[in-house]
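Observations on the model geometry
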Amino acid sequence: MAKQWYQRRVHGKQWYQRRVHGAASFGKMARYYNVERIKQVNDSTLIAAGGEVSDLDAIMDMCEQQRVSDLCADDGVTRSPTEVHSWLTRIMKYNRDQTNPLWNSILVGGLNRKGEGYLGYTDLYGSTYTDNYAATGFGQHLAIPILRDKWHENITVVEAKALVSDCMKVLFYRDCCTINRIQFGIADKNGLRLEEPVKLDTNWRFT
């Protein structure tokens, strides 16, 4: 089961936010409409991944094994988003080198140990970067220009939600394999939270 999807993520000085749509497609057929692709790795890190559903499940199994291993160490240390991002990048690169890639694009985010927002990208090739905003899939072509134009250093969570919603609307109008149902994941000083999915307000009267 493959997923045709994209995600948008933005972070500010002391918070991090991501948004994804909730459809999973089998080829061109939208098969499932209530798929949650934002996952909590630990107390400080969220990930969201597009691509193959079963590979995402395998990645989450590895993340859980790593979390249990850290818990058994009993040293009070939790991996930061930076460490999770670095570890996942190496997992993706290793599988690619074994000609058995995990067919996903992953965005990792949360708050680092200094309480600052962190956002990193990695994909099935092990390619990686960090930035103040990122996108996957179709969003790399259509959403990044909007984010570049509208993002600023002091952007608030409310402003970021509006900005990311605009990006998702643009993508919804141009992708025949998606839906207008989306979900937010936010990390700030109050911790991690996954909000209930919502529907974008769309307008087809201009067609």
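Computed from a prediction, not measured in an experiment: that's the story for all the values here.

Some thoughts on the packing of helix α3 (residues 139–150) against helix α4 (residues 157–174)
Packing of α3 against α4 brings their axes to within 10 Å, and their N-to-C directions diverge by 150 degrees. By the angle class used here, α3 and α4 are roughly antiparallel. Crossing of α3 over α4 shows right-handed handedness. Taking contact as the criterion, the partners of G139, L142, A143, I146, L147 and K150 in α3 are, on α4, L163, C167, V170, L171 and R174. In terms of residue class, the contact of α3 with α4 is built from eight nonpolar, one polar and two charged.

Some words on the sheet that holds strand β7 (residues 104–111)
Strand order across the open sheet formed by five strands is β5-β6-β7-β8-β9, with antiparallel pairing between neighbours. Edge strands, defined here as strands with exactly one partner in the open sheet, are β5 (38–40) and β9 (128–130). Adjacent strand axes in the sheet meet at a mean angle of 20 degrees, parallel and antiparallel pairs treated alike. Both β7 and strand β8 (residues 117–122) contribute to a ladder of six bridges, which runs antiparallel. Bridging from a neighbouring strand, V108 pairs with G120 of β8.

A few points about helix α2 (residues 81–97)
Its 17 residues place the ends of α2 24 Å apart at the C-alpha level, agreeing with the 24 Å of an ideal helix rising 1.5 Å per residue. Residues of α2 that are buried: P81, V84, H85, L88, T89, I91, M92 and N95. Mapping the buried residues of α2 onto a view down its axis gives an arc of 160 degrees, with all of them on the same face. For α2, the exposed residues lying more than 90 degrees away from the buried face are R90 and Y94. Packing partners of the buried residues in α2 comprise β6 (45–51), α1 (53–73), β7, β8 and β9. T99 sits one or two residues past α2 and shows a positive phi near 55 degrees.

What to know about the confidence of the model for the protein
Taken residue by residue, the protein gives an average pLDDT of 84. The fraction at 70 or more is 83%. In the model of the protein, strand β2 (residues 16–21) stands out as the element of lowest mean pLDDT, 52, in contrast to α2, which has the highest, 97. Residue range residues 1–6 is modelled with pLDDT below 50. Its contacts to residues more than four positions away, or to other chains, number 42 contacts.

Conventions used here
- Residues numbered from 1 in each chain as written.
- Predicted model: local features only at pLDDT ≥ 70, side-chain atom pairs only at ≥ 80, totals over all residues.
- Heavy atoms only, no water.
- Axes fitted to C-alpha atoms, helices over the stretch in contact; angles between N-to-C directions.
- Helix = DSSP H or I, 4+ residues; strand = E, 2+ residues; numbered from the N terminus.
- Parallel < 35°, antiparallel > 145°, perpendicular 65-115°, else oblique.
- Left-handed = near helix turned anticlockwise from the far one by under 90°.
- Contact = heavy atoms within 4.5 Å.
- Nonpolar A, V, L, I, M, F, W, Y, C, P; charged D, E, K, R; others polar.
- Pairing = 2+ DSSP bridges.
- Expected span 1.5 Å × (residues − 1).
- Buried < 20%, exposed > 50% of the residue type's maximum accessible area, 1.4 Å probe, protein only.
- Arc of directions from axis to C-beta.
- pLDDT = per-residue confidence, 0-100.

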